[in-house]
Protein chains: 2
Amino acid sequence: MRNVAVVGAGMMRFGKYLDRGLKDLAREAVEGALESAGVDKPALQVAVVGNAAAGLVTGQEMVRAQVMLREMGLGGIPMVNTENACASSSTAFHLAWLYVASGMYDVALALGVEKLYHEDKKRSFAAIGSAVDVEIMQKIVAAASADRKPAGDAEAGGAAGAGESRSLFMDLYAALARDHMRRYGTTKEQYARIAEKNHFNGSLNPHAQYRERYTVDEILASPAVAEPLTRLMCSPIGDGAAAVVLCSEEKARQLTTKPLWVRASVLTTGQDHGPDDPGIGDRIAAAGYEMAGLGPNDVSLAEVHDATAPAELVLYEEMGFCPRGEGGRLIDSGHTSLGGKLPVNTSGGLISKGHPIGATGTAQLYEVFLQLRGEAGERQVKGAKVGLTENGGGMIRGENAVASVHILSV
Amino acid sequence: MRNVAVVGAGMMRFGKYLDRGLKDLAREAVEGALESAGVDKPALQVAVVGNAAAGLVTGQEMVRAQVMLREMGLGGIPMVNTENACASSSTAFHLAWLYVASGMYDVALALGVEKLYHEDKKRSFAAIGSAVDVEIMQKIVAAASADRKPAGDAEAGGAAGAGESRSLFMDLYAALARDHMRRYGTTKEQYARIAEKNHFNGSLNPHAQYRERYTVDEILASPAVAEPLTRLMCSPIGDGAAAVVLCSEEKARQLTTKPLWVRASVLTTGQDHGPDDPGIGDRIAAAGYEMAGLGPNDVSLAEVHDATAPAELVLYEEMGFCPRGEGGRLIDSGHTSLGGKLPVNTSGGLISKGHPIGATGTAQLYEVFLQLRGEAGERQVKGAKVGLTENGGGMIRGENAVASVHILSV
């Protein structure tokens, strides 16, 4: 397969935009990416768009890419709509990479875009809740309902149990966090320290949805979600978009003196495994490093899927940044803070930068793009050479439904 | 890029299955494809799933592939969910092809699956209606509503105007049909003859949703949809699934003595073009023939997107099976009937076999698979060497949002 370069990236500030539609969000990110790449619209040969929830949030179930991109004058090229829950736009980037790596096209656009906020919050929750097996969820909710309250409104259909499935996600993350505490002596303060770091990093990022700094005490004192999680340890919902331009080596040499290279682009899915099998996180990290011919010690910075602070701590171990069980010690050491040896979530991560789910993957790549180009301003990692992104999504039978790793280098 | 073979295909009979879920439909198609390929589940290295409407019909907006395939024991491999309206599973096949052609994986599954029937018909219509720009449609419906009836129920949201947008599709096809009649003298009887042919072909296909034969008079006398369309000239809604197994040349040589070869796999999108530009159909046909190094005279049989009979007639011209304006004469000549030189929609097409939208693309490929392997029974095209599929989807600003052409050969 051919070498693939990343030559441009753009994103809009994540946030709550009740008055802006998907088209408008997409336009800001795509125009930013094209400008950054020095590429005009007619040069694009293929576009892959990741979006997870528009069908339930806006009613635009089909041809989302065409609706958004035609509006800004893009057409006549292949457009692929893809969805993989919170990893939708890592999947879009992966497919855009595949188009260029295969030799089929020379210039590709990957866009991630999401509107989660809606006047009717039930819609947002129904959308987010569909990242699990909805059929099973409906049965769980129906069983619980039979015990304690009237059954859900049949008219609501897919929305039945939406709130419950959202809280199910937080319950699962909380169980993961408690398990790590029990096994390895990890403390609630260590989780709070991860949130403190990410809120601090986000305060330096003009594109972050939330830019306030918090102390460990403030994070611990914020409203409880599910023991040990507090609200400030959890990613918020939001709207947003981020886009990336990829191209062949030949084209990249024409466009820029600072191309970045895609060293690994891998995607996988959970499986039913025995007790000795590694989980999805370990598997995807191993696949990424193997493809890149690099190891965790080569990584200058990483953006990982901190849907909650404990998830980041566990990912330190799964990505090989420290041995199993030592994630707590790693955050305490400052290793993953700005100024440390391997800063993680310099963008503020999902916790502070925000998590408009279908936009998260390309937004992680946007941060790595800035860092490897030396354009990250106050949060710049000095001498950054290799950036890794890890993006997870959905939940089937207690394990992430999707995981993706990308490794880029100068 | 590498040669890619198709080594197996499976499908279930399209129909109305209120008591069967997506998982069950998917299982039947995937197991059929694997058995046909002689491939076990663990041999699959990647799966791409096309589905258009599950978010609105069943509430499963996200991770549809993972939910369906994990249920049948598939996991631990990359899974990509893709949507491109009625061309969703042609897109899935195209991406599965790209994975193998690029050299990334050797064995890939492409699945198309759709449930359109729901106890609440409004859901089905809302889903189908989202193949256009929903924002624009809502404005049209709101404007029309202000004139003649109370505005749509705000609670219905995405469903507002669903019935209207479905009828809008038929109105657009009817306008296309009338335009062709005016320009070229095409007659309503010629459209009916296409429907007669497809209903006849469908009567020979055990997987067709409808297997009744109709005369031209019966077709013309069936209920009017929009002049000149009658109900028997239009595709029905339905549920269904079809799957295909693709692999590298090396792997294909191990598996079968009758591999089929993917000669072209192309996808495109509508654009805003001037009066001299070819439309999306001409563009995608040209791209397909160029990639295959073949022309329309080389094609032994074709499955094309007869969402209505006039669409098939126009596609004869766009695919180059006859000069512009001569589609009517082509159907009259018997050229595209079984026994003719280039039989079209031997499966019964969307009109008779059915059109569970996300399953249609892979079902077209299933028919080509059977024909090129000589396994099409009563409807076998003798000596078939090259099969073409054309699959369209959605509508943006009056033109298909998506078009895809695949060309397979022995």
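Residues numbered from 1 in each chain as written. Chains lettered and ligands numbered in written order. Predicted model: local features only at pLDDT ≥ 70, side-chain atom pairs only at ≥ 80, totals over all residues.

Some remarks on the overall build of chain A
A tally of regular secondary structure across chain A gives 15 helices and eleven strands. Rg of the C-alpha trace for chain A: 20 Å, near the compact-globule value of 22 Å for 410 residues, within the 12% margin. If one aligns the C-alpha atoms of chain A with their principal axes, the spans along those axes are about 65 × 50 × 40 Å. Expressed as a percentage of contacts within chain A between residues at least 6 apart in sequence, the contacts between residues at least 24 apart total 77%. (Helix = DSSP H or I, 4+ residues; strand = E, 2+ residues; numbered from the N terminus. Rg over C-alpha atoms; globule rule 2.2 N^0.38 Å. Contact = placed C-beta atoms within 7 Å.)

Points about the packing of helix 4 (residues 88-102) of chain B against helix 15 (residues 360-373) of chain B
All names here are of chain B. Where helix 4 contacts helix 15, the axes come no closer than 5 Å and their chain directions differ by 65°. With respect to each other, helix 4 and helix 15 are oriented roughly perpendicular. In this structure, helix 4 contributes S88, S89, S90, A92 and F93 to the contact, and helix 15 contributes T360, G361, T362 and L365. In terms of residue class, the contact of helix 4 with helix 15 is built from three nonpolar, six polar and no charged. (Axes fitted to C-alpha atoms, helices over the stretch in contact; angles between N-to-C directions. Parallel < 35°, antiparallel > 145°, perpendicular 65-115°, else oblique. Nonpolar A, V, L, I, M, F, W, Y, C, P; charged D, E, K, R; others polar.)

Thoughts on the environment of A:F169
Residue and element names in this part refer to chain A. As for its placement among the helices and strands, F169 is situated in helix 7 (residues 162-184). When the 20 C-beta atoms within 10 Å are taken as the criterion, F169 is described as buried. Separated by 226 residues in sequence, F169 and M395 have C-alpha atoms that sit 8.2 Å apart. (Buried ≥ 20, exposed ≤ 12 C-beta atoms within 10 Å, placed from the backbone.)

With respect to helix 8 (residues 188-203) of chain B
Between its first and last C-alpha atoms helix 8 of chain B spans 23 Å; for 16 residues at 1.5 Å apiece the expected length is 22 Å, and the two agree. Among the 16 residues that make up helix 8 of chain B, 13 are buried, leaving the element largely enclosed by the rest of the structure. (Expected span 1.5 Å × (residues − 1).)

Notes on the interface of chain B and chain A
Taken together, the contact pairs 53 residues of chain B with 53 residues of chain A. With six residues, helix 4 of chain B is the largest single contributor of residues to the side of chain B that touches chain A. For the side of chain B that touches chain A, a count of residues per class yields 24 nonpolar, 22 polar and seven charged. Two elements, strand 3 (residues 79-83) of chain A and strand 3 (residues 79-83) of chain B, share three bridges in a ladder whose sense is antiparallel. Counted as the bridge partner of A:T82 is B:T82 from strand 3 of chain B. (Pairing = 2+ DSSP bridges.)

A closer look at unusual backbone geometry
Residues and elements named next belong to chain A. Look at the link from E227 to P228: it is a cis peptide, with omega at 5°. Phi at V63 takes a positive value of approximately 40°, unusual for a residue other than glycine. For V63, the location among the structural elements is in the loop between helix 2 (54-57) and helix 3 (64-71). Under the C-beta neighbour-count criterion, V63 is labelled buried, with 33 such atoms within 10 Å.

Digging into the pairing of strand 2 (residues 46-50) of chain A
All names here are of chain A. Where burial is concerned, most of strand 2 is hidden: five out of the five residues are buried. Of the two faces of strand 2, the one lined by V46, V48 and G50 and the one lined by A47 and V49 are each fully buried. As paired elements, strand 2 and strand 4 (residues 107-114) share five bridges and run parallel to each other. Opposite V46, over in strand 4, you have A108 as the bridge partner. For strand 2 and strand 3, the ladder comprises four bridges, and the chain directions are parallel. Bridged to V49 within strand 3 is N81.

Description of the relation of the copies chain B and chain A
Each of the two copies of the chain can be brought onto the other by a rotation about an axis and a shift along it. The transform that puts chain B on chain A rotates by 180° and translates by 0.0 Å along the axis, for an RMSD of 0.0 Å. When the rotation and shift are considered jointly, the pair of chain copies conforms to a two-fold rotation axis. A shared interface surface links the copies, since 100% of the contact residues of chain B are contact residues in chain A too. (Least-squares fit on C-alpha atoms with pLDDT ≥ 70 in both.)

Points about the packing of helix 8 of chain B against helix 12 (residues 309-318) of chain B
Residue and element names in this part refer to chain B. Direction vectors running N to C along helix 8 and helix 12 enclose 95°, while the axes themselves pass 8 Å from each other. When the axis of helix 8 is compared with that of helix 12, the two are roughly perpendicular. Taking contact as the criterion, the partners of Q190, Y191, I194 and A195 in helix 8 are, on helix 12, A309, P310, E312 and L313.

Some points on the confidence of the model for chain A
Residues and elements named next belong to chain A. Averaged over chain A, the pLDDT score is 93; the fraction of residues at 70 or greater is 95%. In the model, residues 149-162 has pLDDT below 50 throughout and makes 27 contacts with residues more than four positions away in sequence or in other chains. As scored by the predictor, the complex reaches a pTM of 0.95 and an ipTM of 0.95. (pLDDT = per-residue confidence, 0-100.)

Concerning helix 4 of chain B
Residues and elements named next belong to chain B. Taking 1.5 Å per residue as the helical rise, helix 4 with its 15 residues ought to reach 21 Å, and the 21 Å between its terminal C-alpha atoms agrees with that figure. Counting buried positions along helix 4 yields 15 of 15 residues, so the element is predominantly enclosed. Looking one or two residues past helix 4, G103 carries a phi angle of roughly 95°, positive in sign.

Points about the pairing of strand 10 (residues 386-396) of chain B
All names here are of chain B. In terms of residue burial, strand 10 counts as a mostly covered element, since eleven of its eleven residues are buried. Of the strand pairs in this sheet, strand 9 (residues 301-303) and strand 10 are connected by three bridges, and their pairing is parallel. Looking at strand 10, one finds that E303 is bridged to T389. Where strand 10 and strand 11 (residues 399-409) come together, ten bridges link them in antiparallel fashion. Counted as the bridge partner of G387 is L408 from strand 11. Taking the residues between adjacent antiparallel strands as the criterion, strand 10 and strand 11 are bridged by two residues, where R397 takes a positive phi near 50°.

As for the environment of A:Y210
All names here are of chain A. Mapped onto the elements of the fold, Y210 is located in the loop between helix 8 (188-203) and helix 9 (216-221). Y210 sits 102 residues away from A108 along the chain, and the two C-alpha atoms are 31 Å apart. When residues no more than four places from it in sequence are discounted, the contact partners of Y210 are G202, P236 and S352.

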